[in-house]
Amino acid sequence: MTLKYLIQKEFLQIRRNGFLPKLILVFPIVIMCVMPWVMNMEVKNIVVDVVDHDRTTRSQQLVHAVEASRYFIFNGQKPTYRAALDDVEKSRADVILEIKDGQMLIAANAVNGTKGAMGGAYLSQIVAQHSPSATKAGEGPVVTVLTLYNKGQSYKVFMIPALFAILVMLMCGFLPALNIVGEKESGTIEQINVTPVSKWAFILAKLVPYWLIALFIITVCLLLSWLVYGITCQGPLWLVYLLVVLLALFFSSFGLIVSNYSDTLQQAIFVMWFFVVMLMLLSGLFTPTRSMPTWAYLTTYINPMHYFIDAIRTVFVRGGHLGSIAHQVAALLAIASVMGTWAVLSYRKNS
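About the criteria used
- Residues numbered from 1 in each chain as written.
- Predicted model: local features only at pLDDT ≥ 70, side-chain atom pairs only at ≥ 80, totals over all residues.
- Heavy atoms only, no water.
- Phe/Tyr/Trp six-rings, centres within 6.5 Å; stacked < 30°, edge-to-face > 60°.
- Lys NZ or Arg CZ within 6 Å of the ring centre and 35° of its normal.
- Axes fitted to C-alpha atoms, helices over the stretch in contact; angles between N-to-C directions.
- Helix = DSSP H or I, 4+ residues; strand = E, 2+ residues; numbered from the N terminus.
- Parallel < 35°, antiparallel > 145°, perpendicular 65-115°, else oblique.
- Left-handed = near helix turned anticlockwise from the far one by under 90°.
- Contact = heavy atoms within 4.5 Å.
- Nonpolar A, V, L, I, M, F, W, Y, C, P; charged D, E, K, R; others polar.
- Expected span 1.5 Å × (residues − 1).
- Core = buried A, V, L, I, M, F, W, Y, C linked by side-chain atoms within 4.5 Å.
- Buried < 20%, exposed > 50% of the residue type's maximum accessible area, 1.4 Å probe, protein only.
- Salt bridge = Lys/Arg side-chain N within 4 Å of Asp/Glu carboxyl O.
- Pairing = 2+ DSSP bridges.
- Right-handed = clockwise from strand over helix to strand, strands pointing away.
- Disulfide = S-S within 2.5 Å.

Caption draft 1: Here's a closer look at the packing of aromatic side chains. Under the definition given, this model contains eight aromatic pairs. For the pair Phe274 and Phe275, a centre-to-centre distance of 5.1 Å together with 80 degrees between the ring planes defines the contact as edge-to-face. Among the aromatic residues, those joined into a cluster by ring pairs are Phe250, Phe251, Phe254, Phe274 and Phe275. Taking NZ or CZ as reference, Lys156 lies 3.9 Å from the ring centre of Trp37, over its face. The residue whose ring lies beneath Arg313 is Phe158, and the NZ or CZ to ring-centre distance is 3.6 Å.

The following block contains the structure:
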């Protein structure tokens, strides 16, 4: 019964806060309606300059193909390579295509490595399609691509499950930590410490409301994914909620640990931000973990964000079942259990 009243107290505090209810409602809506459009690794609007010395029918067909591509912004034909290079140096162009004596030269501005590499790759494909060998019937290999999952190759399908991790991280990690440290600064936590309330009851009362808020937020996100983008989970929904609960358990425990060792809000914010950024960037949220150096890849074995993102994409995109993510579920459960135990042991109740 004590736990019940403590949880009611936490919900009353959240409701009476002028900012938190608005944040809980608005934040997932903004994340789901804005971020899938912004967090897109597909490279488009690559500005290309063309230097055509040949001026043949074939070269002009290639120029028109580049101009018609949805990936490029055609910046016109330049008289010389030097004039095109001047555009690149002044950031007015990203890629140069020079046609001379039937040979094609592609020069990409790799200051932005991703844009330069992808722009060069896109342009190489167009050049290959319009090469003399490709236009002769029966010559060259026939390549067929079979897409097994995410058949439309939409980056939104790839990113929406990862946004769930960001929402759980912020709602279940930052808010409990700042809540407890805020009570430390105001002195109200001392009123709890001198009561016979056990550590377990106090900690659960602090964390359970945020677990419920996380489940509410994920439900809102699933509805927005369906209503706004027409994207639905391909696997069982209960697995999505299971993964969310495990990640929420980890981040809420981690937030509690940070609050236990912090005396001010500023300390808690900086410590949480440091670890959260590291966990996020090393998780495979934006880039494949296999692209990391070996020493950095080893950190994924203790990174719960990595296990969550891998599992949620398996369920959401591929339609995986429990057997497909058993390893990730076991790892999340183990890490969350260790952090939960640490959170309880590190809390000092002065009675």
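Still more to cover.
Caption draft 2: Fine view of the packing of helix 7 (residues 155-186) against helix 10 (residues 237-261). Close contact between helix 7 and helix 10 brings their axes to 8 Å; oriented N to C, the two are set at 30 degrees. By the angle class used here, helix 7 and helix 10 are roughly parallel. Here the hand of the crossing between helix 7 and helix 10 comes out right-handed. Between helix 7 and helix 10, the contacting residues are Ala165, Val168, Met169, Cys172, Gly173, Ala177, Ile180, Val181 and Lys184 on the first element and Val244, Leu247, Ala248, Phe251, Ser252, Gly255, Leu256, Ser259 and Asn260 on the second. Looking at the contact of helix 7 with helix 10, its residues break down into twelve nonpolar, five polar and one charged.

Caption draft 3: Seen up close, helix 11 (residues 265-281). An ideal rise of 1.5 Å per residue puts 24 Å on 17 residues; helix 11 measures up with 24 Å between its terminal C-alpha atoms. If you follow the buried residues of helix 11, they end up packed against helix 7, helix 10 and helix 13 (304-316).

Caption draft 4: Layout of the nonpolar core. Residues Phe164, Met305 and Phe308 are the most contacted members of the largest nonpolar core, which totals 78 residues. Counting residues per element, this core draws most heavily on helix 7, at 19 residues. Ignoring anything within four residues of it in the chain, the contact list for Phe308 reads Pro161, Phe164, Ala165, Leu243, Val244, Leu247 and Leu332. Listed in part, the 17 residues of the second largest apolar core include Ile46, Tyr71, Ile99 and Leu123.

Caption draft 5: Here's a closer look at the pattern of salt bridges. Going through the model one piece at a time under the given rule, you end up with five salt bridges. Two residues, Asp86 and Lys90, come together in a salt bridge whose shortest N-O distance is 3.5 Å. A relative accessible area of 26% means that Asp86 is categorised as partly exposed. The closest approach of N and O atoms between Arg92 and Asp86, which form a salt bridge, is 3.7 Å. The network of salt bridges with shared partners includes Lys78, Asp86, Asp87, Lys90 and Arg92.

Caption draft 6: Geometry of the sheet that holds strand 1 (residues 46-52). Here four strands make up an open sheet; going across it, the order is 2-1-3-4 and the pairing mixed. The strands lining the two open edges of the sheet, one partner per strand, are strand 2 (72-77) and strand 4 (103-108). Each strand axis lies, on average, 20 degrees off the axis of its neighbour in the sheet, ignoring direction. Helix-sheet contacts for helix 4 (residues 81-89) involve strand 1, strand 2, strand 3 (95-100) and strand 4, and the interaxial angle to strand 3 is about 175 degrees.

Caption draft 7: The arrangement of the pairing of strand 1 in detail. Among the seven residues that make up strand 1, seven are buried, leaving the element largely enclosed by the rest of the structure. Residues Ile46, Val48, Val50 and Asp52 point to one face of strand 1 and Val47, Asp49 and Val51 to the other, with burial holding for every one of them. Judged from the four bridges that link them, strand 1 and strand 2 form a sheet pairing that is parallel. The partner of Val50 across the bridge, within strand 2, is Gln77. Between the parallel pair strand 1 and strand 2, the chain is carried across by helix 3 (residues 57-68), and the sense of this crossover is right-handed. As paired elements, strand 1 and strand 3 share five bridges and run parallel to each other. When the bridges of strand 3 are listed, Val50 appears paired with Leu97.

Caption draft 8: A look at the environment of His130. Within the secondary structure, His130 is located in the loop between helix 5 (113-129) and helix 6 (132-135). Taking C-alpha positions, His130 is 8.0 Å from Arg58, a pair spaced 72 residues apart along the chain.

Caption draft 9: Quick look at the environment of Phe216. Summarising the element assignment, Phe216 is placed in helix 9 (residues 199-229). On the accessibility criterion, Phe216 (40% relative accessible area) is partly exposed. In the structure, Phe216 is positioned 188 residues away from Pro28 in sequence and 9.9 Å away in space, judged by C-alpha atoms. The residues contacting Phe216, other than those within four sequence positions of it, are Ile24 and Leu25.

Caption draft 10: Quick peek at unusual backbone geometry. Residue Arg55 is not a glycine yet carries a positive backbone phi of 60 degrees. Phi at Asp101 is positive, roughly 55 degrees, even though this residue is not glycine. Summarising the element assignment, Asp101 is placed in the loop between strand 3 and strand 4.

Caption draft 11: Seen up close, helix 10. Between its first and last C-alpha atoms helix 10 spans 37 Å; for 25 residues at 1.5 Å apiece the expected length is 36 Å, and the two agree. In terms of burial, helix 10 is a largely internal element, 18 of the 25 residues being buried.

Caption draft 12: Inspection of the state of the cysteines at higher detail. Inspection of every chain in the model, using the stated rule, returns zero disulfides. Just so you know, Cys33 is unpaired, no disulfide at all, and the nearest cysteine sulfur is the one on Cys221, 9.3 Å from it. Classification of Cys33 by relative accessible area gives partly exposed; the value is 31%.

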